[in-house]
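Residue-level structural notes
Listed below are the residues making up each chain.
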Amino acid sequence: MDLLKKIQSRDAVVGVIGLGYVGLPLLAAFHRAGFSVLGFDVDPTKIDALRSGQNYLKHLGATLASDMVRAGRFDVTTDFARLKEPDAILICVPTPLGKHLEPDLSYVSRTADDIARALRVGQLVVLESTTYPRTTRDIVLPRLSATGLVCGRDYFLAFSPERENPGSREFNTVNIPKLVGGIDEPSTTTAVALYSQAIEKVIPVSSAEVAEAAKLLENIYRAVNIALVNEMKVVLDAMDIDVWEVIDAARTKPFGFQAFYPGPGLGGHCIPIDPYYLTWKAREYGVPTRFIELAGEINHRMPQYVIDKLSRALNSRGQSVHGAKVLVMGLAYKPDVDDVRESPSFELIEKLDDLGARVDYNDPHVPATHRMRKYGDLGMKSVPLSPESIASYDAVLIATNHKVYDWQMVADHAKLIIDTRGATRKVIGRRDHIVMA
Ligand SMILES: NC(=O)c1ccc[n+]([C@@H]2O[C@H](COP(=O)([O-])OP(=O)(O)OC[C@H]3O[C@@H](n4cnc5c(N)ncnc54)[C@H](O)[C@@H]3O)[C@@H](O)[C@H]2O)c1
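Here's a quick rundown of the structure. These numbers come from a predicted model, not from an experiment. (Residues numbered from 1 in each chain as written. Predicted model: local features only at pLDDT ≥ 70, side-chain atom pairs only at ≥ 80, totals over all residues. Heavy atoms only, no water.)

So, on to the nonpolar core. Ranked by size, the top nonpolar core spans 43 residues in total, and within it Ile17, Leu83, Ile115, Leu144, Tyr155 and Leu157 carry the most contacts. Top contributing element to this core by residue count: helix 8 (residues 208-238), with six residues. Not counting residues within four places of it along the chain, the set of residues in contact with Leu157 comprises Val125, Thr136, Val140, Leu141, Leu144, Cys151, Gly182, Ile183 and Ser187. In terms of nonpolar packing, the next biggest core, distinct from the first, is built from 39 residues, Phe30, Leu57, Val76 and Val180 among them. (Core = buried A, V, L, I, M, F, W, Y, C linked by side-chain atoms within 4.5 Å. Buried < 20%, exposed > 50% of the residue type's maximum accessible area, 1.4 Å probe, protein only. Helix = DSSP H or I, 4+ residues; strand = E, 2+ residues; numbered from the N terminus. Contact = heavy atoms within 4.5 Å.)

Laid out in structure tokens, this is it:
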């Protein structure tokens, strides 16, 4: 049976490489649509967990893996020789930055090599990892074509950016519109046919490069706008004007304005990283990316701004950061998730530690720290929250606005609060111990 027919009858086997925040929900979406799925990951602990019906990404629901195991049509493996089994292979491996903020495409190229070793006639390969324009054509295509098989005739290759928003109740893999751009027209048609089976709205674009660049534009748009409000925060603070109230006021305009909010710095796998993929690639063309780099510079300055505010607030009480007991509330980079990747909380903790503060953290979603690429393992455990424990700290630094936090309780008992998220705006009673930062 040819590939298009297999896709339309949902007889095609869908393989996903990289079963993380992006790959696992994608695998589940195709499984729910009735396809047989085969997941690949280099991490055997993830494969063992999924095989025994355990889901390690809590926000996706406790029964995600056990439901698939029970339904059948589900397998996961670390054996990449099995890449010849799926009819469609979706690549969701990491695309981090190297030490010098250069793109690290080693995961993508290694995966392309893995696929090339197993590639057969009638397979569709789609790269979903966020990356700079031409990656699909320059990194993946040559490796697959070296097999002698011809793209657009023997196999198909496309780029389709993941737009996952972990923790969102409104948007998920199935209802977020999906862009698809192929290396050639047959590849676009085949990839659109596949995604249309599992995803509500699929939007074809004219090339893989358009799809790659669109994803970067989306994330750079956010990075730049976050930098803008972070700059506004600093300016308005000097003028003693509440930036949060200003944003609320501005957003009453029904057109031409979208609200972004300031914070202690950028976090997550995307916004702090993706813009640098474009700035790096632009250098090859001799084109400056001053706007993007300026946004990065402003956002990177935020943790130090917060520490300066904390240090001045302690100083005005005759205290120093050195020796102060500080509680950081929120380790995850955004509310109501357990994802700590690139979270500014780590930089805040590191800076406080360097200054000699005694730092604890609380995060109901992150009971203990674990090894991270940049910070190693801090060996910290989330401390319990109570009126007494809050009162025992010289300062409470609000880094993440988790819904479960009772800000009135915190405000009623803390000696000093440094609020980077506008979390305490609605608390009633005394406010002279709250510093917005
Ligand atoms: N997390 C998000 O919200 C999000 C949103 C949009 C796009 N993205 C992009 O999606 C891609 C994946 O991100 P993620 O958040 O899912 O990362 P992740 O770290 O959660 O998952 C990646 C998975 O790939 C596995 N892996 C690493 N190397 C591998 C290899 N060579 N072969 C097979 N598996 C391998 C890892 O073990 C891990 O399970 C990145 O390019 C990211 O920028 C992420």
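Of note in this structure, Arg73 is not a glycine but carries a positive phi near 55°. Checked against the element boundaries, Arg73 lands in the loop between helix 4 (64-71) and strand 3 (74-77). One non-glycine residue, Arg134, adopts positive backbone phi at about 90°. For Arg134, a relative accessible area of 30% gives the class partly exposed.

All right, on to the sheet that holds strand 7 (residues 178-182) then. Sheet architecture is open: eight strands sit in the order 3-2-1-4-5-6-7-8, paired in mixed fashion. Strand pairing shows two members of the sheet lacking a second neighbour, strand 3 and strand 8 (202-204), which therefore form its edges. Between one strand axis and the next, the sheet turns through 25° on average, direction left out of account. (Pairing = 2+ DSSP bridges. Axes fitted to C-alpha atoms, helices over the stretch in contact; angles between N-to-C directions.)

Bringing the packing of aromatic side chains into the picture now. Inspection of every chain in the model, using the stated rule, returns eight aromatic pairs. Look at Tyr221 and Phe260: their rings are 5.7 Å apart centre to centre, the planes differ by 75°, and that puts the pair in the edge-to-face class. With Tyr221 in helix 8 and Phe260 in the loop between helix 9 (243-250) and helix 10 (274-284), this residue pair connects regions lying 39 residues apart in the sequence. Using a relative accessible area of 41% as the deciding quantity, one classes Tyr221 as partly exposed. Ring geometry for Trp244 against Tyr261: centres 5.7 Å apart, planes inclined by 10°, an arrangement best described as stacked. (Phe/Tyr/Trp six-rings, centres within 6.5 Å; stacked < 30°, edge-to-face > 60°.)

Another aspect to go through is a nonpolar patch on the surface. A grouping of Val235, Met239, Ile241 and Val246 is seen on the molecular surface, where their side chains present a nonpolar patch of about 310 Å² in accessible area. When you line up the elements, Met239 lands in the loop between helix 8 and helix 9. Under the relative-accessibility criterion, Met239 is labelled exposed at 52%. (Patch = residues over 30% accessible without salt bridge, like charges linked within 9 Å, V, L, I, M, F, W, Y side chains within 5 Å. Areas by Shrake-Rupley, 256 points an atom, 1.4 Å probe, with all protein chains shown as cover. Salt bridge = Lys/Arg side-chain N within 4 Å of Asp/Glu carboxyl O.)

Our next topic: the packing of helix 8 against helix 9. Close contact between helix 8 and helix 9 brings their axes to 9 Å; oriented N to C, the two are set at 125°. Taken as axis vectors, helix 8 and helix 9 run oblique relative to one another. Across the interface between the two elements, Val229, Met232, Lys233 and Leu236 of helix 8 pack against Val243, Val246 and Ile247 of helix 9. When its residues are assigned to classes, the contact of helix 8 with helix 9 shows six nonpolar, no polar and one charged. (Parallel < 35°, antiparallel > 145°, perpendicular 65-115°, else oblique. Nonpolar A, V, L, I, M, F, W, Y, C, P; charged D, E, K, R; others polar.)

With that settled, consider the state of the cysteines. Put plainly, two cysteines are in a disulfide when a covalent bond ties their sulfur atoms together. Inspection of every chain in the model, using the stated rule, returns zero disulfides. With no disulfide of its own, Cys92 has Cys270 as its nearest cysteine by sulfur position, at a separation of 12 Å. Judged by its relative accessible area of 10%, Cys92 is buried. (Disulfide = S-S within 2.5 Å.)

A few words now on the packing of helix 11 (residues 290-315) against helix 12 (residues 344-354). As a packed pair, helix 11 and helix 12 sit with axes 10 Å apart at the nearest point and diverge in direction by 45°. What the angle tells us is that helix 11 and helix 12 run oblique. Note that helix 11 runs across helix 12; the crossing there is right-handed. For the pair helix 11 and helix 12, the contacting residues are Pro303, Gln304, Val306, Ile307 and Leu310 in the first and Glu347, Leu348, Lys351 and Leu352 in the second. Split into classes, the residues belonging to the contact of helix 11 with helix 12 amount to six nonpolar, one polar and two charged. (Left-handed = near helix turned anticlockwise from the far one by under 90°.)

One open sheet holds the five strands; their spatial order is 10-9-11-12-13, and the pairing between them is parallel. Every interior strand has two partners, whereas the edge strands, strand 10 (358-362) and strand 13 (434-436), have only one. Averaged over all neighbouring strand pairs, the angle between strand axes comes to 20°, with direction disregarded. Two elements, strand 12 (residues 417-419) and strand 13, share three bridges in a ladder whose sense is parallel. When the bridges of strand 13 are listed, Asp419 appears paired with Met436.

If you check the shell around the ligand, you find 27 residues, and the closest are Val22, Asp41, Lys46, Thr95 and Thr130. A distance of 3.0 Å separates an oxygen atom of the ligand from a polar atom in the backbone of Thr130. Contact with the protein chains covers 93% of the free accessible surface of the ligand, which is 830 Å². With three residues, the single largest contributor to the shell around the ligand is helix 5 (residues 106-118). A breakdown of the residues in the shell around the ligand according to their chemical character gives twelve nonpolar, seven polar and eight charged. (Near = heavy atom within 4 Å. Polar contact = N/O pair within 3.5 Å; in protein donor to acceptor, adjacent residues only side chain to side chain.)

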